[in-house]
Every structure is written in structure tokens, then in C-alpha cells.
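# Overview (structure and organization)
Here is how the chains run, residue by residue.
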Amino acid sequence: WHSLARETGRLGHLYSPDAQRGPWPWFPYALDNGAFSAWDQTANKWDESRWSEAAWKRLLFWAQAAPIRPLWAIVPDVPGNAAATLERWERYARIVARAGIPLAVAVQNGMDTATVRGLSPAPEVIAVGGDTEGKWATAEQWCRDFPRVHVLRCNSPARLEHLEAWGCE
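Below you will find a few notes about this structure. Predicted model only: the values in this text are computed from it and were never measured. (Residues numbered from 1 in each chain as written. Predicted model: local features only at pLDDT ≥ 70, side-chain atom pairs only at ≥ 80, totals over all residues. Heavy atoms only, no water.)

This paragraph deals with the packing of helix α5 (residues 132-145) against helix α6 (residues 157-166). Contact geometry of α5 with α6 gives a least axis separation of 9 Å together with a crossing angle of 25°. One way to sum up the angle between α5 and α6 is to call them roughly parallel. On the side of α5, the interface is formed by Trp 136, Ala 139, Glu 140 and Cys 143, while α6 contributes Arg 159, Leu 163 and Trp 166. Split into classes, the residues belonging to the contact of α5 with α6 amount to five nonpolar, no polar and two charged. (Axes fitted to C-alpha atoms, helices over the stretch in contact; angles between N-to-C directions. Helix = DSSP H or I, 4+ residues; strand = E, 2+ residues; numbered from the N terminus. Parallel < 35°, antiparallel > 145°, perpendicular 65-115°, else oblique. Contact = heavy atoms within 4.5 Å. Nonpolar A, V, L, I, M, F, W, Y, C, P; charged D, E, K, R; others polar.)

This part takes up the pattern of salt bridges. Within the structure shown, the criterion is met by six salt bridges. In this structure, Asp 18 engages Arg 58 in a salt bridge whose closest nitrogen and oxygen atoms are separated by 2.9 Å. Note that Asp 18 is positioned in the loop between β1 (13-15) and β2 (29-31) and Arg 58 in helix α2 (residues 53-65), a separation of 40 residues in sequence. Owing to a relative accessible area of 43%, Arg 58 belongs among the partly exposed residues under this scheme. In this structure, Lys 57 engages Glu 53 in a salt bridge whose closest nitrogen and oxygen atoms are separated by 2.9 Å. With Lys 57 and Glu 53 both in helix α2, this residue pair falls four residues apart, about one helical turn. (Salt bridge = Lys/Arg side-chain N within 4 Å of Asp/Glu carboxyl O. Buried < 20%, exposed > 50% of the residue type's maximum accessible area, 1.4 Å probe, protein only.)

Before going further, it helps to examine the pairing of strand β7 (residues 125-128). In β7, alternate side chains face the same way, and those of Val 125 and Ala 127 on one face and Ile 126 and Val 128 on the other are all buried. Two elements, strand β6 (residues 103-107) and β7, share four bridges in a ladder whose sense is parallel. Among the inter-strand pairings, Ala 104 is bridged to a residue of β7, identified as Val 125. With three bridges joining them, β7 and strand β8 (residues 149-151) adopt parallel strand pairing. What sits directly across from Val 128, in β8, is Val 151. Considered for its hand, the β-α-β crossover made up of β7, α5 and β8 is right-handed. (Pairing = 2+ DSSP bridges. Right-handed = clockwise from strand over helix to strand, strands pointing away.)

What follows deals with the packing of α2 against helix α3 (residues 82-98). For any two helices packed against each other, the geometry comes down to the angle between their axes and how far apart the axes lie. At their nearest, the axes of α2 and α3 sit 10 Å apart, and the two run at 20° to each other. When the axis of α2 is compared with that of α3, the two are roughly parallel. Taken as a pair, α2 and α3 cross one another with a handedness that is right-handed. On α3, the residues that touch Glu 53, Trp 56, Lys 57, Leu 60 and Gln 64 of α2 are Arg 91, Tyr 92, Ile 95, Val 96 and Arg 98. Looking at the contact of α2 with α3 residue by residue, the classes come out as five nonpolar, one polar and four charged. (Left-handed = near helix turned anticlockwise from the far one by under 90°.)

Formed by 42 residues in total, the largest nonpolar core has its most connected members in Leu 31, Val 116 and Ile 126. Elements represented by at least two residues in this core include exactly β2, α2, α3, β6, β7, α5 and β8. For this core, the element with the highest residue contribution is α3, accounting for six residues. For Val 116, the contacting residues outside a window of four places in its chain are Val 105, Val 107, Met 111, Pro 123, Ile 126, Trp 142 and Phe 146. Trp 72, Ile 74, Ala 106 and Val 125 belong to the second-largest nonpolar core, a separate cluster that totals eight residues. (Core = buried A, V, L, I, M, F, W, Y, C linked by side-chain atoms within 4.5 Å.)

Put into C-alpha cells, the structure is as follows:
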């Protein structure tokens, strides 16, 4: 992975809380928030006890102290829950902004362009999340509506080709 990142400039790493290493000059990175691991996709249920605000804040501190800045950081969200994600935006977005890291919003099923454009502070990156069906149903639209879009949980070469054609980052 390191060689491909260095030689192509087309790979990066999304670090989760307590799983960061590096950073390396040839391997761009962004920051996850660890929320996905606290979500039961089948039941669409969030388990707050499986998410650590302290670990997330340590990740931000690590990035602030690192010699290479992250591309962006996903503000804590609640996967599968648009309303709770918007509440968390209000609570956590300014923390990321004060850290000097570009903000990414994890859009969920039911969120739309107008809602995201109304966020304050404004996100610089759209991280398309939500359930698998909703994510792939809306990813192309997010790419049309915003200049910087990342689609979460995309590990398929065929899907990567679609994302590249849509202008996804």
C-alpha cells in the first residue's frame, strides 16, 4: 500500500481513534471518528457505550501534533440517523474547526443538499455514509452537488471506477 500510495498519489488512509500510525509524507490521511463500529447495521441501532469521545479527541490531538496535516476529519455522527448526526454536528464541528482540520460531514439516509449547505460551520468534505442501499442511491448526486466527496466503506474496484467517473475524491 505504501508503494502504491507513493507511486500513484491515489491512495490514502482513514485513521480511526486509537489506530493511527505514521504519518508518512507519501501517504495522505484523513481522520475517522470511530462511530461506525458502534452501529448495528442490521437493527439500525446505535450503541453509545461502544463509542469513545476521549479516543476521538486523542486522535485529533495526535493529528494536531503530527508533522503532516490530515486532509480532513469526519465530525462524530450517528450512522443511520440523520437527526442525531445533525445534533452531533452542532456539538462537535467547532472542536474539529478549532483543531485547524477541514471538516467532513458523514451524510446519512434522509439528508439532502439543502440540509448540508445549511450547516454551520460549513463542511469542506461530504463523507457519504448511511446504509449501503441509501449510500449508493445518493453517492452520484452528492458528487454532483459538492466539489469534495468521499464515499465511506467502498472496497470494490468496480465501485471505485464509478466514483472516479463521478468525480469523487
